[in-house]
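Report on the structure
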Amino acid sequence: MRSVLSSRWAGLLLLAVVIALLPLGLKNNFQFDIAVRIGFNAIVVIGLNLLIGYAGQISLGHAGFLGLAAYFSAITVTRYGWPPLVSLLAAATLVGLLAFIIARPVLRLKGHYLAMATLGLGIIISIVLNQEAGLTGGPDGMAVDPFTIGAFKLVKAREWYWLVGALLWLAVWLSLNLIDSPVGRALRAVHGSEVAAEVVGVDTTRYKVMVFVLSAVFASVVGSLQAHYVSFISPQQAGFFQSVEWVIMVVLGGMASTYGAVIGAVILTALPQVLTALEDYEHMIFGLIMMLVMILLPKGIVPSAGALLRRVSSKAEGGK
Amino acid sequence: MTLLNVENLSKEFGGVHAISDLTFTINPGTIHSIIGPNGAGKTTLFNLITGVYTPSAGRVLFQDQPVTGLRPNELAARGMSRTFQNLQIFMNMTALENVLVGRHLHLNTGILPSLFRWPAIGRGDRAATVMAKDLMAFVGLEKYIGWDADAMPYGALKRLEIARALAAEPKLLLLDEPAAGLNATESREIDEVIKKVAAQGVTVVLVEHDMKMVMEISDHILVLDYGRKLTEGTPAEVRQNPDVIAAYLGQVG
Ligand SMILES: Nc1ncnc2c1ncn2[C@@H]1O[C@H](COP(=O)(O)OP(=O)(O)OP(=O)(O)O)[C@@H](O)[C@H]1O
Ligand SMILES: [Mg+2]
């Protein structure tokens, strides 16, 4: 039972089925739009969960990486006519390089200090995007051309859904692969005890830098795509609140759980839409739900639910 | 040939001379114990040898190569492994995964092979898992193979650290009080494990307060006091040394 539940392919198959069948239940463009936004957030949060949940490092600056990629794609495609896919790949390379350069000094810090440093990074990027109005349009933002691959043009949320769904599945697959490998165990070892990891040969700096870069690249790819999808970007997307929201998704869904990251993204993206019906009370109820989840399921939704399931099933076995 | 040379090694912590001008060598294939009262500098010495601390002065040679200043992971790659006096277990992993991390240096750690799960990754992990299970059995932990580390009792975690260190296939294994906090039976069992490890040709450096165990299994003993060498020699020699009796063994009785 447990082996089936935790087996990689069962989870991946289930995810594929959900992605394939969900459109049957989506009625209008608005609902497809929410689904696409969930997918975007989930991909970023899966990357961030590798950094936060598995390797035990924090970042409050990843919206900066998303913002940089979004602007890079927007400017090169809209102003200079680059093919969007080329821009996306170039942005991912540049953002990865930037993350690589700053990772070493930044990840030497721990805990609150690391949080502050990454926060500062995000703030600097959003200030630059605001100030360089000649290039970025400043606080007014800028319009972005649609995403095209050859003759294909993605415009409607319905069309985007399949691209984002496929990428989400891919992100989950990559994340599960990584975790279930010597590299993934090294990342978790860094979280568990840095000194113990080092004395068995784990180059802890290498792994911290690697996972920081990887998560930045995830955010970068989403940034490029989102710019085309929303067709208009502003520095706000690169802002501090976005970074914090992703961290909340990681924690709420469950640290060190790839599916937890997806669930966190689903709930935090969809819930505000559902709660708008409550109007004035929306934010209060939202906060209340989050508090309750963290009090009742302190390890986050997916790990806590998993532990509960195991307890129930082991009790059932014990009764036999 | 010597396996390890410690030459005029010193470490100061803001005025405290934890290790002072210490020189000694370790021959391959021996069990080499380091004893001394609390605060004598034994753990500090381990941290200096394994690269966790950098010395204030002096140097360390491993297999005749100077290794001072190398990172612990670089020393691990050259064949050093260790356990910790205060447990350093990966509590966020299972017991088996802890041992698998010990196998790190022998596995494919490429980022692309891992992300795309090339067949070599699965093959390597399967072989490593077989070996890790064997090692857990070797240290007497077969019943804990499926356990989460954070659910295991203290005595089992002490052994788990040994299994993890052995997974790296070290030439030099440093054990910092492996029997601390264990009852007499458990101590005996650890004793047996250490002997078996040494019998396989691994050089063992042992820090231990259990004098009976030290006297019984050591080929060579180094006695530290306030970071300095009080004396060294075979167990018989050390036991008869008047300084040792006065400074250390005398207290224990
Ligand atoms: N990181 C450190 N910072 C400051 N002082 C330290 C540090 N590590 C060790 N010391 C000091 O160095 C001296 C030697 O300590 P060490 O832990 O090496 O002793 P030990 O022989 O292992 O003792 P025990 O038998 O209690 O484990 C002590 O005075 C200790 O307070
Ligand atoms: Mg000590």
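Our structure's up above, just so we're on the same page.
What counts and what doesn't
- Residues numbered from 1 in each chain as written.
- Chains lettered and ligands numbered in written order.
- Predicted model: local features only at pLDDT ≥ 70, side-chain atom pairs only at ≥ 80, totals over all residues.
- Heavy atoms only, no water.
- Helix = DSSP H or I, 4+ residues; strand = E, 2+ residues; numbered from the N terminus.
- Contact = heavy atoms within 4.5 Å.
- 1 Å grid on protein atoms, 1.4 Å probe; cavity = no way out; pocket = protein on both sides within 12 Å on 5 of 7 lines; lining within 4 Å.
- Points joined across faces, edges and corners; volume = space filled by probe spheres on them.
- Nonpolar A, V, L, I, M, F, W, Y, C, P; charged D, E, K, R; others polar.
- Donors = N, O, S within 2.8 Å, 3.2 Å for Na, K, Ca; no water.
- Salt bridge = Lys/Arg side-chain N within 4 Å of Asp/Glu carboxyl O.
- Buried < 20%, exposed > 50% of the residue type's maximum accessible area, 1.4 Å probe, protein only.
- Near = heavy atom within 4 Å.
- Polar contact = N/O pair within 3.5 Å; in protein donor to acceptor, adjacent residues only side chain to side chain.
- Areas by Shrake-Rupley, 256 points an atom, 1.4 Å probe, with all protein chains shown as cover.
- Pairing = 2+ DSSP bridges.

To continue, consider the environment of Asp180(A). Within the fold, Asp180(A) resides in the loop between helix H8 (157-179) and helix H9 (182-192). Once the C-alpha coordinates of Asp180(A) and Arg8(A) are considered, the two residues, 172 residues apart in sequence, prove to be 9.4 Å apart. Setting aside residues up to four positions removed in sequence, Asp180(A) forms contacts with Arg8(A), Arg117(B) and Asp125(B).

The next thing to look at is the layout of surface pockets. If a probe the size of a water molecule is rolled over the atoms, the empty space left behind becomes visible. Residue and element names in this part refer to chain A. In this structure, the second largest pocket spans a volume of roughly 640 Å³. Forming the boundary of the second largest pocket are 19 residues, of which Arg37, Asn41, Gln242, Glu245 and Thr269 lie nearest the centre. When contributions to the lining of the second largest pocket are tallied by element, the ones reaching two or more residues are helix H3 (29-54), helix H11 (204-230), helix H12 (240-253), helix H13 (258-275) and helix H14 (282-296). Counted by class, the lining of the second largest pocket contains seven nonpolar, nine polar and three charged residues.

Quick look at the coordination of the magnesium ion (ligand 2) now. Distances from the magnesium ion (ligand 2) to its protein donors, Thr43(B) (OG1) and Gln85(B) (OE1), fall at 1.9 to 2.0 Å. Of this pair, Thr43(B) sits in helix H1 (residues 42-49) while Gln85(B) sits in the loop between strand S6 (80-82) and helix H3 (95-102), and the two are 42 residues apart along the sequence.

Next up on the list: empty space enclosed by the protein. Using the criterion set out here, one finds four cavities of 30 Å³ or more in the structure. Among the residues forming the lining of the largest cavity, the class breakdown is eight nonpolar, four polar and no charged. Approximately 40 Å³ is the volume found for the second largest cavity. Every residue lining the second largest cavity is listed: Val199(A), Thr50(B), Pro72(B), Leu75(B), Ala76(B), Met80(B), Ser81(B) and Arg82(B).

Take the pattern of salt bridges next. All names here are of chain B. By the definition in use, this model includes 16 salt bridges over all chains. Between Glu192 and Lys195 there is a salt bridge; the shortest N-O distance is 3.7 Å. One end of the pair, Glu192, and the other, Lys195, are both in helix H7 (residues 184-199), three residues apart, so they sit about a helical turn from each other. The class of Glu192 is partly exposed, set by a relative accessible area of 42%. Ionic contacts of the salt-bridge type, sharing partners, join the residues Arg188, Asp191, Glu192, Lys195 and Glu216 into one network.

Attention now goes to the site of ligand 1. Residue and element names in this part refer to chain B. Around ligand 1 lies a shell of 15 residues, among which Gly39, Lys42, Thr43, Thr44 and Gln85 are the nearest. Here an oxygen atom of ligand 1 and a side-chain polar atom of Asn38 are 2.9 Å apart. Contacts to ligand 1 include Ala40, whose backbone N or O atom sits 3.2 Å from an oxygen atom. Here ligand 1, which alone exposes 640 Å², has 64% of that area covered by the protein. Put simply, the parts of the chain that give the shell around ligand 1 at least two residues each are strand S2 (16-26) and H1. At three residues, the largest contribution of residues to the shell around ligand 1 is made by H1. When the residues that make up the shell around ligand 1 are grouped by side-chain class, the tally is six nonpolar, seven polar and two charged.

Time to look at the pairing of S2(B). Residues and elements named next belong to chain B. Across seven bridges, the pairing between strand S1 (residues 4-13) and S2 is antiparallel. In the sheet register, Glu12 faces S2, and the bridge partner there is His17. Two successive antiparallel strands, S1 and S2, enclose a turn made up of two residues, where Gly14 displays a positive phi of approximately 45°.

On to unusual backbone geometry. One non-glycine residue, Ser231(A), adopts positive backbone phi at about 65°. Along the chain, Ser231(A) turns up in the loop between H11 and strand S4 (232-233). Taking the relative accessible area as the measure of exposure, Ser231(A) reaches 35% and is therefore partly exposed. One non-glycine residue, Asn8(B), adopts positive backbone phi at about 50°. Position of Asn8(B) relative to the elements: it lies in strand S1. Classification of Asn8(B) by relative accessible area gives partly exposed; the value is 42%.

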